[in-house]
Amino acid sequence: MKNLIFRFSVIALIFTTIVGCEEELLVYDVDNGQTLSNFANSSATLPVPEDGESYTIVVESSTRSDQDRAIQINVDNNSTALPAEYTIDQSTLIIPAGEFVGNIVVRGNFDEIPDLTTTTLVLNLIGIGNSDLTGNRSTFTLSFFKKCDSDLAGTYDVLSSGESTDGAPVNNPIVDFPYTVQIIKKEGTDLQYIISDGVAGLYIEWYGAPYGYTFETEGNFQDVCGSLSGSWVEAFGSTINLTGTDNGDGTLTITWVNGFGDTATATYTKQ
């Protein structure tokens with residue numbers, strides 16, 4: 001009798017366990033279940049060269065359909081990119097029939113992107129087809145900036161003009177000019193440079209004789225499509241701000257000003 005009761009208990013336990021496991025199973029229907037949509041990732045960067053460049057944003061769906069489904073998006077008010085800076089290919093705003101994934105192709109327009117500026121396009125995913133259920137990646141941010149090839153490294157002869165706050169003028173040329181400066185591409189970068197003397201010898205000219213200084217002033221700058229910019233702290237403790245242009249003929253025009261108000265403009269000619 002005890003054995004019979006024990007066997008019945010084991011059978012009951014096994015049956016209960018099986019039933020319990022079946023109750024906990026979640027069966028997902030990719031054809032008839034509820035549709036959840038997401039961006040595959042949340043952000044990306046698009047460097048845009050002169051002939052333009054595109055980026056493909058991937059949208060995912062948890063279900064498939066036997067018909068093409070429209071990807072519904074809008075542009076968020078937090079976007080800083082103006083409409084002229086990009087084009088959204090309207091023909092790509094679909095998930096094809098039988099597929100779980102669709103694409104949104106965005107093309108950056110080089111001429112409309114501001115110089116020395118990164119702007120952002122923020123897209124909100126509203127839904128797919130007739131579904132408005134979105135997941136935790138319903139916003140995508142695409143950052144744009146201009147990208148140009150840059151090859152400024154080399155040795156330059158420099159002629160300067162300007163004025164120091166001590167009243168020392170800079171004629172063109174001044175004593176011992178032209179002055180030679182090295183420009184070196186910063187390791188591991190495409191647009192960043194080190195300039196061996198960012199004030200083109202003028203500190204030596206202005207302060208060398210009366211104060212005995214003989215140092216040069218190494219600085220850093222970047223080249224974004226021919227627009228040069230940079231800043232660094234020099235030996236006197238003030239910040240030098242550099243701006244300039246690549247003239248496209250082997251010469252650079254660079255202007256700098258320091259924290260004391262000294263300023264000069266120089267022409268750099270590549271040897």
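Position numbers for residues count from 1 along each chain, tracking the sequence in the order it is written. Whole-chain, interface and lining totals are the exception, using all residues; otherwise, since this is a predicted model, local features are given only for residues with pLDDT of at least 70 and side-chain atom pairs are given and counted only at 80 or more. The side-chain numbers reported here are obtained from all heavy atoms of the structure, hydrogens and water having been left aside.

Chemist: Help me understand the state of the cysteines, please; the structure alone is not making it clear to me.
Modeler: Linking two cysteines covalently through their sulfur atoms gives a disulfide. Criterion for a disulfide: a pair of cysteine sulfur atoms at a distance within 2.5 Å. Counting across every chain of the model gives one disulfide. Between the sulfur atoms of C148 and its disulfide mate C225 the distance is 1.9 Å. Where C148 bonds to C225 through sulfur, the torsion about that S-S bond is close to 95°, and the disulfide is right-handed. Residue C148 is found in the loop between β9 (139-146) and β10 (154-163), and its partner C225 is found in the loop between β14 (219-224) and β15 (227-233); the two are separated by 77 residues along the sequence. A 1.4 Å probe rolled over the protein chains alone gives each residue an accessible area, and that area as a share of the maximum for its type sets the label: buried under 20%, exposed over 50%, partly exposed in between. Residue C148 is classed as buried on the basis of its relative accessible area, which comes to 15%. The secondary structure listing takes helices from DSSP runs of H or I that are at least 4 residues long and strands from runs of E that are at least 2 residues long, numbered from the N terminus.

Chemist: Sorry, what's going on with a negative patch on the surface here?
Modeler: Exposure above 30% relative accessible area and the lack of any salt bridge qualify a residue for a patch; like charges then connect within 9 Å, and the nonpolar side chains Val, Leu, Ile, Met, Phe, Trp and Tyr within 5 Å. Surface exposure here means Shrake-Rupley accessible area, sampled with a 1.4 Å probe, where a residue is shielded only by the protein chains that are shown. Every case where a carboxyl oxygen of Asp or Glu lies within 4 Å of a side-chain nitrogen of Lys or Arg is listed as a salt bridge. Charge convention: Lys and Arg are scored as positive, Asp and Glu as negative, and His as well as the terminal groups of each chain are ignored. The location of each charge is read from NZ of Lys, CZ of Arg, CG of Asp or CD of Glu. A surface patch of like charges, here negative, comprises E50, D51, E53, D111, E112, D149, D151 and D190. Residue classification places D151 among the exposed residues on the basis of a relative accessible area of 60%.

Chemist: For this particular structure, what's the right way to read the pattern of salt bridges?
Modeler: Two side chains that carry opposite charge are able to pair once their charged atoms sit near each other. Tallied over the full model, the rule gives two salt bridges. For E60, the salt bridge goes to R137, with nearest N and O atoms at 3.8 Å. In this pair, E60 is assigned in strand β3 (residues 53-61) and R137 in the loop between β8 (119-128) and β9, connecting sequence segments 77 residues apart. On the basis of relative accessible area, R137 is assigned to the partly exposed category, the value being 29%. A salt bridge links D115 to K146, with the shortest nitrogen-to-oxygen separation between them at 2.7 Å. Remark: K146 occurs in strand β9 and D115 occurs in the loop between β7 (101-108) and β8; sequence separation between them is 31 residues. Among the residues examined, K146 registers a relative accessible area of 10% and is labelled buried.

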